[in-house]
Amino acid sequence: MTTSMVLLSDTHLPKRAKDLPPALWADIDAADLVVHAGDWVDLATLDAVAARSASFVGVRGNNDGPEFDDRLPLVARVAVEGLRFAVVHETGQAAGRERRMAAAYPDVDVLVFGHSHIPWDTVAPGGLRLLNPGSPTDRRRQPDHTWMRCTVSGGSLDVELVRSPPRS
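This write-up is about the structure you can find in this document. This one's a predicted model, so the numbers in the text were calculated from it and none came from an experiment.

### Side note on the overall build of the protein chain
At step 1: Counting its secondary structure elements, the protein chain contains three helices and ten strands.
At step 2: Rg of the C-alpha trace for the protein chain: 15 Å, near the compact-globule value of 15 Å for 168 residues, within the 12% margin.
At step 3: Viewed in the frame of its principal axes, the protein chain has a C-alpha envelope of about 40 × 35 × 35 Å.
At step 4: Buried residues in the protein chain amount to 50% of all 168 residues.
At step 5: The long-range share in the protein chain, meaning contacts at least 24 apart out of those at least 6 apart in sequence, stands at 53%.
At step 6: For the protein chain, the accessible surface area stands at approximately 7700 Å², while carbon and sulfur atoms represent 51% of it.
At step 7: Here the protein chain contributes 18 positively and 22 negatively charged side chains, and the mean placements of these two sets differ by 6 Å.

Laid out in structure tokens, this is it:
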């Protein structure tokens, strides 16, 4: 079996944009599983993403107020086609991230995180894969808005970073 996934984080609606990019909504509609690594900012975005997702996993981030506390955990875990995923918002500074996260999540195959708005795809010693989809609405110092499309099949994970140029 094959599972299609969308990974996103740091949507920051409605402060950084009025809506998600249309291409991201199309990806959400088509995916078997949508994973959001926090910093929603408003519950309306959470409700819209969850409603349009066939299946959904999300966490709250540092910019998510107390209204998120009863709706989303700080850490979420899900198994997909034999791969063990954990989702968090923050992982600390980039230097030493792989080592720290491998120690913090020894029973995980893939760690999805956000916070920096900078796409990240590395593998820690021991095999933990770390993925940050960036931000589809607040690119900071990045050239494009980003999210990730993934396919999981037979315990293998394929990842594509989707780049969406800034709207003029």
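### Regarding the sheet that holds strand β7 (residues 120-123)
At step 1: Here we have five strands laid out as an open sheet, ordered β4-β5-β6-β8-β7, and mixed in their pairing. Looking at which strands have only one partner, the edges of the open sheet turn out to be β4 (76-80) and β7. Neighbour-to-neighbour, the strand axes of this sheet turn through a mean angle of 20°, independent of strand direction.
At step 2: As paired elements, strand β6 (residues 110-112) and strand β8 (residues 129-132) share three bridges and run parallel to each other. By the bridge assignment for β8, Val110 is matched with Arg129.

### A few points about helix α1 (residues 22-30)
At step 1: Looking only at α1, the buried set comprises Leu24, Trp25, Asp27 and Ile28. Angularly, the buried residues of α1 cover 160° about the axis, an arc narrow enough to put them on a single face. Exposed positions of α1 whose direction lies more than 90 degrees from the buried face are Pro22 and Ala30.
At step 2: Among the structural elements, β1 (2-8), β2 (33-36), α2 (43-52), β9 (145-153) and β10 (156-164) are those in contact with the buried residues of α1.

### A short note on the nonpolar core
At step 1: Core analysis: the biggest nonpolar cluster contains 19 residues, and Met5, Leu7, Val35, Phe85, Val87, Val112 and Leu157 have the highest contact counts within it.
At step 2: Elements with a minimum of two residues in this core: β1, β2, β4, β5 (83-87), β6 and β9.
At step 3: Excluding its chain neighbours within four sequence positions, the residues that come into contact with Val87 are Val35, His36, Ala37, Val57, Val59, Leu74, Val75, Ala76, Leu111 and Val112.
At step 4: Leu8, Leu20, Trp25 and Ala31 belong to the second-largest nonpolar core, a separate cluster that totals 16 residues.

### Observations concerning the pattern of salt bridges
At step 1: Applying the stated criterion across every chain, the model contains ten salt bridges.
At step 2: Residues Asp29 and Arg52 are paired through a salt bridge, measuring 2.7 Å at the closest nitrogen-oxygen approach. Taken together, the residues Asp29 in helix α1 and Arg52 in helix α2 connect sequence positions 23 residues apart.
At step 3: Across the pair Arg149 and Glu160 runs a salt bridge whose closest N-O atoms are separated by 3.1 Å. Of this pair, Arg149 sits in strand β9 while Glu160 is found in strand β10, placing the two residues eleven residues apart along the sequence.

Calculation criteria
- Residues numbered from 1 in each chain as written.
- Predicted model: local features only at pLDDT ≥ 70, side-chain atom pairs only at ≥ 80, totals over all residues.
- Heavy atoms only, no water.
- Helix = DSSP H or I, 4+ residues; strand = E, 2+ residues; numbered from the N terminus.
- Rg over C-alpha atoms; globule rule 2.2 N^0.38 Å.
- Buried < 20%, exposed > 50% of the residue type's maximum accessible area, 1.4 Å probe, protein only.
- Contact = heavy atoms within 4.5 Å.
- Areas by Shrake-Rupley, 256 points an atom, 1.4 Å probe, with all protein chains shown as cover.
- Lys, Arg positive; Asp, Glu negative; His and termini not counted.
- Charge placed at Lys NZ, Arg CZ, Asp CG, Glu CD.
- Pairing = 2+ DSSP bridges.
- Axes fitted to C-alpha atoms, helices over the stretch in contact; angles between N-to-C directions.
- Arc of directions from axis to C-beta.
- Core = buried A, V, L, I, M, F, W, Y, C linked by side-chain atoms within 4.5 Å.
- Salt bridge = Lys/Arg side-chain N within 4 Å of Asp/Glu carboxyl O.

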